[in-house]
Amino acid sequence: MSSKDAPPPLPEPLLVPVADSHTHLDMQSGTVEEALTKAAAVGVTTVVQVGCDLKGSQWAAETAAAYENVHAAVALHPNEAPRIVLGDPDGWSRQGAREAGGDAALDEALAEIDRLASLPHVRAVGETGLDHFRTGPEGMAAQERSFRAHIEIAKRHGKALVIHDREAHADVLRVLDEEGAPERTVFHCYSGDADMARICAAKGYYLSFAGNVTFKNAQPLRDALAVAPLERVLVETDAPFLTPAPYRGRPNAPYLIPVTVRAMAVVRGIGEDALCAAIADNTARAFDY
């Protein structure tokens, strides 16, 4: 195994346990047990397992039912909705090539998300939102229709809403305003600037920071973290993606949360333990566990 593919070493454990508010265990190597054991060894005692399609959402719900310290979020990812409606000839997603299913197929998929969202160990509906990076103009209508449906599902079941916002800040905020955001709304892998962080704070949204807050070119993210209210800040891995520096490019996993937390504490100018205590409280409040 080249050093690029090798898992990074275990960081020094955190003294105050925290939660990884957004991870994809189904996309990581090794078993769920191994991932949870490694994470717990460094003080990451809870994870939110996030679904991106029907199969992944069903798996998230089953895994959360089986493990006390795993909570599930279920959704059709913003890039999944257009693939259901318009088809996916290249098979870019994990399902392989797919025929166009039209609006009826999207409705059918949303009905299954609705069913999963009613389960007690499913704590959130997400990741949903808008992605102007991977989806072109032809897919925007399906993406926005799916996003609005997920907002409605979250509110009806009293669950948190987990937002994926990629190069779509103004549109995401607009749809949330138009539909009325659920009481607990989390911007996963927050990617806006300090001005947007102030808008989100005023609306009571949670901002979850991932490993990219450690990247050299990520000063706008650090500026956003600096102004976000402490009681609205979460931490996540988005593993296997967004591995924090100095391990960027290698596989990410929940056990690397301490690397990101320590970088965040420096930005906030507070002690690691104080930040961990706040994050632990915030995550439990955001996901109602």
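As a reminder, the structure under discussion sits directly above these lines.
First things first, this report covers the structure right here in the doc. Numbers given to residues run from 1 along each chain, matching the order in which its sequence is written. Where local features are concerned, this predicted model is filtered to residues with pLDDT of at least 70; where side-chain atom pairs are given and counted, the filter is 80 or more; whole-chain, interface and lining totals use all residues. Only heavy atoms go into the side-chain values, all of them from the structure, while hydrogens and water stay out.

Strands here are runs of E lasting at least two residues and helices are runs of H or I lasting at least four, both read from the DSSP assignment and numbered beginning at the N terminus. On a plain count of helices and strands, the chain comes out with 10 helices and 8 strands. For 289 residues, the compact-globule formula gives about 19 Å, and the C-alpha radius of gyration of the chain, at 18 Å, lands near that figure. Projected onto its principal axes, the C-alpha positions of the chain cover 50 × 45 × 35 Å. Throughout, exposure labels follow a simple rule: accessible area from a 1.4 Å probe, protein chains only, divided by the maximum for the residue type, with under 20% read as buried, over 50% as exposed, and the rest as partly exposed. Burial analysis of the chain (289 residues in total) assigns 53% to the buried set. Throughout, a contact is declared for two residues whenever any of their heavy atoms are within 4.5 Å. Counting only contacts in the chain whose residues sit at least 6 apart along the sequence, the fraction spanning at least 24 positions is 72%. In the form shown here, the chain has an accessible surface area of approximately 11,800 Å², with 54% of it arising from carbon and sulfur atoms. For the radius of gyration, the atoms used are the C-alpha atoms, and the globule rule reads 2.2 Å times the number of residues raised to 0.38. For accessible areas, the Shrake-Rupley method is used with a probe of radius 1.4 Å. Any residue's cover is judged against the shown protein chains and nothing else.

This brings us to the sheet that holds strand E7 (residues 206-209). Only when DSSP finds a minimum of two bridges between them are two strands counted as paired. Spatial ordering of the open sheet is given by E1-E2-E3-E4-E5-E6-E7-E8, a layout of 8 strands whose pairing is parallel. The sheet terminates laterally at strand E1 (18-23) and strand E8 (233-235), the two strands that pair on one side only. Taken over all neighbouring pairs, the strand axes of this sheet differ in orientation by 30° on average, direction set aside. Strand direction decides the pairing type here: E7 and E8, joined by 3 bridges, are parallel. Looking across to E8, one finds that leucine 207 is bridged to valine 233. Sheet contacts for helix H6 (residues 169-179): strand E4 (122-131), strand E5 (160-166) and strand E6 (185-187); angle to E5, the most-contacted strand, approximately 155°. Think of each axis as a best-fit line through the C-alpha atoms, taken over the contacting stretch in the case of a helix, with angles from 0 to 180 degrees between the N-to-C directions.

A few words on the packing of aromatic side chains. Pairing of aromatic rings covers Phe, Tyr and the six-membered ring of Trp, with a centre-to-centre limit of 6.5 Å; geometry is then stacked below 30 degrees between planes, edge-to-face above 60, and tilted otherwise. Across all of its chains, the model carries 2 aromatic pairs by this definition. Relative to phenylalanine 209, the ring of tyrosine 190 has its centre 5.7 Å away and its plane inclined at 55°; by these criteria the two rings are tilted. Of this pair, tyrosine 190 sits in the loop between E6 and helix H7 (194-203) while phenylalanine 209 sits in strand E7, and the two are 19 residues apart along the sequence. Summarising the burial analysis for this pair, tyrosine 190 and phenylalanine 209 share the class buried. Geometrically, a charge over a ring is one whose NZ (Lys) or CZ (Arg) sits within 6 Å of the ring centre while staying within 35 degrees of the ring normal. The ring of phenylalanine 133 is capped by arginine 166, whose NZ or CZ atom sits 3.6 Å from the centre of that ring. Here the guanidinium or amino end of arginine 232 rests over the ring plane of tyrosine 206, the centre of that ring lying 4.7 Å away.

Where H6 meets H7, the axes come as close as 12 Å, and the angle between the chain directions of the two elements is 15°. By the angle between their directions, the pair H6 and H7 is classed as roughly parallel. Crossing of H6 over H7 shows left-handed handedness. The residues of H7 that touch H6, namely those facing His169, Leu173 and Asp177, are Met196, Ile199, Cys200 and Lys203. All residues other than Ala, Val, Leu, Ile, Met, Phe, Trp, Tyr, Cys, Pro, Asp, Glu, Lys and Arg, Gly among them, are scored as polar; the first ten of these are nonpolar and the last four charged. When grouped by side-chain class, the residues that make up the contact of H6 with H7 number 4 nonpolar, 1 polar and 2 charged. Roughly parallel means an angle under 35 degrees; roughly antiparallel means over 145; roughly perpendicular covers 65 to 115; every other angle is labelled oblique. By definition, any crossing whose near helix is turned counterclockwise from its far helix by less than a right angle is left-handed, and any crossing with a clockwise turn is right-handed.

As a further point, take the nonpolar core. By nonpolar core we mean a set of buried residues, namely Ala, Val, Leu, Ile, Met, Phe, Trp, Tyr and Cys, connected to one another through side-chain atoms within 4.5 Å. Residues Phe147, Leu176, Phe187, Tyr190, Phe209 and Met264 are the most contacted members of the largest nonpolar core, which totals 70 residues. Residue contributions to this core peak at 6 residues, all from helix H4 (residues 102-117). Sequence-distant contacts of leucine 176, that is, excluding residues within four places in its chain, are made with Phe147, Ile151, Leu161, Ile163, Ala181, Thr185, Phe187 and Tyr205. Counting 11 residues, the second largest nonpolar core, distinct from the first, contains Val48, Ala73, Ala286 and Phe287.

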